[in-house]
Amino acid sequence: MEVELAVAVGGLYAAGIYLVMRRSIIKLIIGLSLLGHAANLLIFTMGGLVRGQPPVMHPWETRLVGGFADPIPEALILTAIVIGFGVQAFAIVLIKHTYQATGTEDLKDLQSSDLTS
Amino acid sequence: MSNALPLIIVIPLLTAVIALSFRHRPGIQRAVGFAGSLVLLCASVPIFLCVLERGYLSTQIGSWPAPYGITIVADTLSALLIVATALVVLLISIASWIEIDPARESFGYTPLLHFLIMGICGSFLTGDVFNLYVWFEVMLIASFVLLGLGGEKPQLEGTIKYVALNLLSSALFLAAIGVLYGTYGTLNMADLAMQLRESRPSHLVITLATLFLLAFGIKAAVFPLFFWLPASYHTPPVPISAIFAGLLTKVGIYSLIRFFTLIFTQDAETLHRLILILAALTMIVGILGALVQKDFRRIISFNLISHIGTLLAGLGLFTPLALAGTVFYLIHDIVSKTCLFLFTSVVQRLGGSGDIRNLGGLYRSNPRISLLFAIVALSVAGIPPLSGFWGKLVLVQAGLIKREYWLVAAILFASILTLYSMCSIWSEAFWKDSSGTPVEFANPGRKASSIPLLLLAPITSLVLLILLMGIWPAPFFETAKLAAQQLSNPDHYIRTILGEKP
């Protein structure tokens, strides 16, 4: 299972980086959100994949032994997803306003704050 | 006293929430914002004094013991930065009374500013890597909205670039956290420091360290990753740029210092070499960028990048003396960059333009204000006896002791170019006869004859602080030395958090 997930993570990173390097703002935002998902999936995979194991101790155990599910990566991902959701919502509103103000979605035309007069 | 630490995070939160409930009453919002910043300063000073006395303060949120719960910890560096942050916010909220227009205020300028401060203070105090990520995001979201607030065209363009690169940095940071947790099974900084010390050096550690360097490097505007800064910092109203310049990039530097003194300390030769090279390139490339700019705020933005390089140099040298120099310079940089950015508003008001070619004759019309600018500019360039000089002196000394002559040369070269860049602002905007302005730059902007006290008071206080740090540097430097000692011997930090276990 790790191998499949690793391939998925790699695919998401590749797609994200490709989209970030495009000139369209919309693709830029989609690319950034893909990079966020890639990072989440990476945390999930790195946290160790176990099947059918409880994340808690049995009453008769004093410490966790053997294969147990670690709930922390899930908690981290949950937090990251919520944050990512908020940031993406903001980014979408931002590109809408920028499109309305400038009339373009090509990053190459958005250089007025960069150029030296 | 340890239990008072979360107050530093709670005070800005409460201020923001109270200000938010008076959304349509700008007068009350401003008063709440000012009162909140004052309370924050009053809370941070006793904490700082207590840290000076005891060395460390730490508390576990929800009383969960260390590696499991979230730790909040203040050492001398954090406490010093908290005080500096509170001071800057107080002065900025005074300047905001006249600098921020009613439209921006009714869209929530004051609450956003205090959410931003909450994120900054949280980043300085947390002892947990994932918690640091969360504070970064709090800070980033507030800064995105602050930057775009008002919706002017250049502002929106600047915000897109800022948002894109900072989201990229967050994604890298998150990925690095995932790999870190997967490898070491903990995210508590003290616990990580211990685990990494016991494990054998491997390629994974270097990869992780580089990922963190990349993520924090984007936030701190380090050499190949700084392009978002000059594209965005000159677009929002002046108090917003001033607080971004004074504090936001410094959070990136703080995180780099924390990670590379506490966690990634083994096999450090390669990493330190890398940091030194980045530092030298940031210094030189940043200041070269400043030389070709003609807009006041953009010149200062590039100067800001160059001095990020100076700060990194101390981290790369990694001796207690160099770290002390970095800490001293960090405080100087927070004060002087905030002051310089506030000055851009003064110049805009007096000269009616932000382009230095349009300006002129400010010295003749306003000699006292010009003198204030001269003090800040010379301090930034590192002329004795002003605050910038002592920081650079210590860094140069540390570089000479470590025999990194090329780095010393880079610091000195960047200093000379900084002096040149400051002199060009001085000669164009202040000294040049205003009648000599070429016709094509004749500006239609409105000129004011005097500067409101609410803007002048924060600037004067910052200039006085610069003079104080320059003429009487001993107490500041003693504090910086203490902070550097703690940074270079993290054992005590680890023991404070994890208890007396080995």
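Residues numbered from 1 in each chain as written. Chains lettered and ligands numbered in written order. Predicted model: local features only at pLDDT ≥ 70, side-chain atom pairs only at ≥ 80, totals over all residues. Heavy atoms only, no water.

Peer 1: What is the right way to read the pattern of salt bridges from this model?
Peer 2: Pairing of side chains with opposite charge becomes possible as their charged atoms draw close. Residues and elements named next belong to chain B. Counted by the stated rule, this structure contains 13 salt bridges over all chains. Close ionic contact of Asp-491 with Arg-197 constitutes a salt bridge, the shortest N to O distance being 2.8 Å. Taken as a pair, Asp-491 in helix H21 (residues 491–498) and Arg-197 in helix H8 (residues 189–198) lie far apart in primary sequence, 294 residues in all. Relative accessible area serves as the criterion here: at 38%, Asp-491 is assigned to the partly exposed category. Salt-bridge contacts for Arg-357 lead to Asp-355; the nearest nitrogen and oxygen are separated by 2.9 Å. Residue Arg-357 shares its accessibility class with Asp-355, and that shared class is buried. Taken together, the shared-partner salt bridges connect Asp-101, Arg-104 and Glu-152 into one network. (Salt bridge = Lys/Arg side-chain N within 4 Å of Asp/Glu carboxyl O. Helix = DSSP H or I, 4+ residues; strand = E, 2+ residues; numbered from the N terminus. Buried < 20%, exposed > 50% of the residue type's maximum accessible area, 1.4 Å probe, protein only.)

Peer 1: Would you take a moment to explain the confidence of the model for chain B for this structure?
Peer 2: Looking at chain B as a whole, its pLDDT mean stands at 89, while 96% of the residues score no less than 70. Put simply, helix H15 (residues 362–365) of chain B is where chain B has its lowest mean pLDDT, 84, and helix H5 (residues 109–125) of chain B is where it has its highest, 95. (pLDDT = per-residue confidence, 0-100.)

Peer 1: I tried to follow the interface of chain A and chain B on my own but got confused; where do I start?
Peer 2: The figure often quoted for interface size is the accessible area lost as the parts come together. With 36 residues of chain A at the interface, the matching set in chain B holds 37 residues. Between chain A and chain B lies a buried interface of about 3,000 Å² when both sides are counted; carbon and sulfur atoms form 74% of it. Counting the contacts that link chain A with chain B gives 0 salt bridges. Where chain A meets chain B, there are 2 residue pairs in polar contact (both at pLDDT 80 or more). Broken down by secondary-structure element, the contributors of at least two residues to the side of chain A that touches chain B are helix H2 (25–46) and helix H3 (71–102) of chain A. The leading source of residues in the side of chain A that touches chain B is H3 of chain A, at 14 residues. By residue class, the composition of the side of chain A that touches chain B is 22 nonpolar, 11 polar and 3 charged. (Contact = heavy atoms within 4.5 Å. Buried area = accessible area lost by both parts, 1.4 Å probe. Polar contact = N/O pair within 3.5 Å; in protein donor to acceptor, adjacent residues only side chain to side chain. Nonpolar A, V, L, I, M, F, W, Y, C, P; charged D, E, K, R; others polar.)

Peer 1: How should helix H3 (residues 76–99) of chain B be read in this particular structure?
Peer 2: Along an α-helix, residues three or four apart share an orientation, since each turn contains 3.6 residues. Helix length check: H3 of chain B (24 residues) gives 34 Å between terminal C-alpha atoms against 34 Å at 1.5 Å per residue, within 8%. Where burial is concerned, most of H3 of chain B is hidden: 21 out of the 24 residues are buried. (Expected span 1.5 Å × (residues − 1).)

Peer 1: I would appreciate a short explanation of the pairing of strand E2 (residues 71–74) of chain B in the present structure.
Peer 2: Two faces belong to every sheet, and in a regular strand the side chains alternate between them. Residues and elements named next belong to chain B. Burial along E2 is two-sided: Thr-71 and Val-73 and Ile-72 and Ala-74, pointing in opposite directions, are all buried. Where strand E1 (residues 57–60) and E2 come together, 4 bridges link them in antiparallel fashion. If you follow Leu-57 over to E2, its bridge partner there is Ala-74. (Pairing = 2+ DSSP bridges.)

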